[in-house]
Amino acid sequence: MATADTTYIIGHRNPDADSICSAIAYAAFKEARGEHGYIAARCGNSNVRIDTILKRFHQPLPLYVNDVTPRVRDIMVSEVIHVPPTATCAEALELIDRHGVNVLPVTAADRHVLGTVTIAQLGSFFLPRINEPRLMRQVTSSLAHIGRALKARVLHTVEPAREEDLFIRVGAMDIRSFGKVSSDDNIPSSQSIIIVGDRWDIQQRSIQLGVRALVITGNLPVEDDVVQLAKDNNVSILVSPYDSATTAWVIRTASTIGRIIDHAFASVNADTRIADLRKRIALSPSHAFVVLSDEGRLQGILTKADLLRPVKTRLVLVDHNEMTQAVAGANEVTITEIIDHHRLGPLNTPQPILFINEPVGSTCTIIADLFRREGLTPSPEIAGVMMGGIISDTLHLNSPTSTEKDALLLSWLSKVAGVDSRALADTIFNSGSVILANPPEKVVRADFKLYEEESIRFTVSQVEELGFGNFWQHAKKLAAALQQLCEADHLVFAALLVTDINTQNSLLLVKGDAELISRIHYAHVEKDEIFDLPGIVSRKKQLIPYFSSLLKEMQADGALPALTPPPARSSAPMASATV
């Protein structure tokens, strides 16, 4: 289960065995060092070879995380203070003061959001309105709410729970003008609350007029005959501990918030990308956005200040360092470490990070070396997983990317795991054909990496087979799928390297820009489409440098193809247990 302290250790898109195995192994290394909260992850599907390795060493697939683009859910406040529509202004003000918030969502019993109340709205409600004296005296509440707000001593009440529009008056004038004021304001006595001190004459007259309630201030005593008269005339009578001015203000705070609820509040979905929300907030006068579910229920709240907070998602990149190959959104979150054995791509981080990059054949070699250098011994299962990564990425030390260090660490891991590397290699490479196990469109995406050279975007996929028989049976369909990949992803060209593990030779299928394809000097097996690459088995060390040289040559000749825009980024919500 991911928490705020979780860091995902994740390989590149369309992961190969080294990418998956190194994520699992580095998570185990962190655990062995006593560093917790690291979770092995992947941003693509498995394949038969990966499944074979993990099954052999009893390891589950890493967590699937296909998008870490920061979204509202990553920075919103989930524990939201909210109020029902029956709350009083006093209760709303108390919550705002106690919790230091500026916005309160108003919700029904099922957390369905009805609107919002802000500190500004409450302040505006209590501002004097010289031109609207009637509104300045109006209270929409119940006597029960008023009694609680005043902390009053209740001597008698009639229907205390009834919510109604009431009007406050302070009985400070002469008895002879007392009744005339209410008449001039066209306020019925039955809707009047009279605030008065120990003036017996005003108390008596108010009750005789049939006011809704009489509020005696200053905790003053009330004569028994006044209380009895109030009971006889169905007039409620309360005693306030405050003076007249304070009592009047507190009664106004007992108004329910219904009159000031903003029903046209700003809202947002939890899956909204932060980058998209910033554009909306820049144009919005709203201080905060209420986060709603698809059913309109309260999920959180997000203020403009929250956008300044750093996103909690953290990544360790393994087996890659180029953003074009990383999980979607990686450039918008915190990358804490990179463990890799490929060329350096354009990458900027806002702070220094741990970056280990070694010219070895496998990322698992680097991680195995970290275990050994720190005097830590991996479990036999984790040692076997690292063996699988090294064997797969170096073609059991037969790839030109292999180094003495790969051989040394593979031998060490073999002893720890108690597994013969040759036997494991046979199991891995005989585990099944990628071409036979998948439709063509999936084959060309099974292990492909996106590159950018001289501002040209292209991909190179690689599959490893025991012989070329399966490839030739499906060559035409694979060529069509590669062309579709090229068009769908707006690539200048797309290539598929098919490597024969037995002979250490490859065939190259290329679709895309005709000028570039015509410059490939390897022998044409099929004109301008399939090429014979004897001795070429490494995409990283042999094929990518070759394509780079072709593009530089074309640039020098002024023959670079016209650039095509990259495909639009998807704003679909994250899948599975993503952050």
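Further up the page is the structure itself.
Residues numbered from 1 in each chain as written. Predicted model: local features only at pLDDT ≥ 70, side-chain atom pairs only at ≥ 80, totals over all residues. Heavy atoms only, no water.

Colleague: Is there a simple way to think about the side chain of Ser-433 in this case?
Modeller: Within the fold, Ser-433 resides in the loop between α16 (421-429) and α17 (434-437). Judged by relative accessible area, which is 14%, Ser-433 ranks as buried. Dropping the residues within four chain positions of it, Ser-433 is found in contact with Glu-465 and Asn-470. (Helix = DSSP H or I, 4+ residues; strand = E, 2+ residues; numbered from the N terminus. Buried < 20%, exposed > 50% of the residue type's maximum accessible area, 1.4 Å probe, protein only. Contact = heavy atoms within 4.5 Å.)

Colleague: Honestly, the pattern of salt bridges in this entry has me stumped. Any pointers?
Modeller: When the charged atoms of two side chains with opposite charge come close together, those side chains can pair. Here the structure, examined in full by the defined rule, presents 27 salt bridges. The shortest N-O distance in the salt bridge between Arg-212 and Glu-164 comes to 2.7 Å. Note that Arg-212 is positioned in the loop between α9 (200-209) and β10 (213-216) and Glu-164 in strand β8 (residues 164-170), a separation of 48 residues in sequence. Residue Arg-212 is classed as buried on the basis of its relative accessible area of 5%. Overall, the relative accessible area of 14% leaves Glu-164 in the buried class. With its nearest N and O atoms 2.1 Å apart, the salt bridge here joins Glu-453 to Arg-343. Taken together, the residues Glu-453 in strand β18 (residues 448-453) and Arg-343 in the loop between β16 (334-340) and β17 (354-357) connect sequence positions 110 residues apart. Note on Arg-343: relative accessible area 30%, which makes it partly exposed. (Salt bridge = Lys/Arg side-chain N within 4 Å of Asp/Glu carboxyl O.)

Colleague: Help me understand helix α20 (residues 475-488) in this model?
Modeller: Every α-helix carries 3.6 residues per turn, so stepping three or four residues along brings you back to the same face. With 14 residues, α20 should reach 20 Å at 1.5 Å per residue; the first-to-last C-alpha distance of 20 Å fits that figure. Following α20 by one or two positions, His-490 adopts a phi angle in the positive range, close to 55°. (Expected span 1.5 Å × (residues − 1).)

Colleague: Quick question: what am I supposed to make of the nonpolar core here?
Modeller: Taken as a class, soluble globular proteins show a tendency for nonpolar side chains to be buried jointly. In terms of nonpolar packing, the biggest core is built from 46 residues, with Tyr-26, Met-386 and Leu-413 touching the most fellow members. When residues of this core are traced back to their parent elements, those giving at least two are α1 (17-32), α2 (48-56), β15 (314-318), α13 (363-373), α14 (380-394), α15 (404-417) and α16. With nine residues, α1 is the single largest residue contributor to this core. Apart from the residues within four sequence positions on either side, Leu-413 is in contact with Ala-368, Pro-378, Ala-383, Met-386, Met-387 and Ile-390. (Core = buried A, V, L, I, M, F, W, Y, C linked by side-chain atoms within 4.5 Å.)

Colleague: So what exactly am I meant to see when it comes to the packing of aromatic side chains here?
Modeller: Here a ring pair, both rings aromatic, is described through the centre-centre distance and the interplanar angle of the planes. By the definition in use, this model includes nine aromatic pairs. With centroids separated by 5.7 Å and ring planes inclined at 20°, the aromatic side chains of Tyr-26 and Phe-29 adopt a geometry described as stacked. Of this pair, Tyr-26 and Phe-29 both sit in helix α1, three residues apart, which is roughly one turn of that helix. Comparing Tyr-26 with Phe-29, the two get one shared label, buried. Ring centres of Phe-29 and Phe-371 lie 5.2 Å apart, and the angle between their planes is 75°; on these two criteria the pair is classed as edge-to-face. Here Phe-29 is found in helix α1, whereas its partner Phe-371 is found in helix α13, with 342 residues between them in sequence. Owing to a relative accessible area of 1%, Phe-371 belongs among the buried residues under this scheme. Site record: aromatic cluster; members linked through ring pairs are Tyr-451, Phe-458, Phe-493, Tyr-522, Tyr-546 and Phe-547. (Phe/Tyr/Trp six-rings, centres within 6.5 Å; stacked < 30°, edge-to-face > 60°.)

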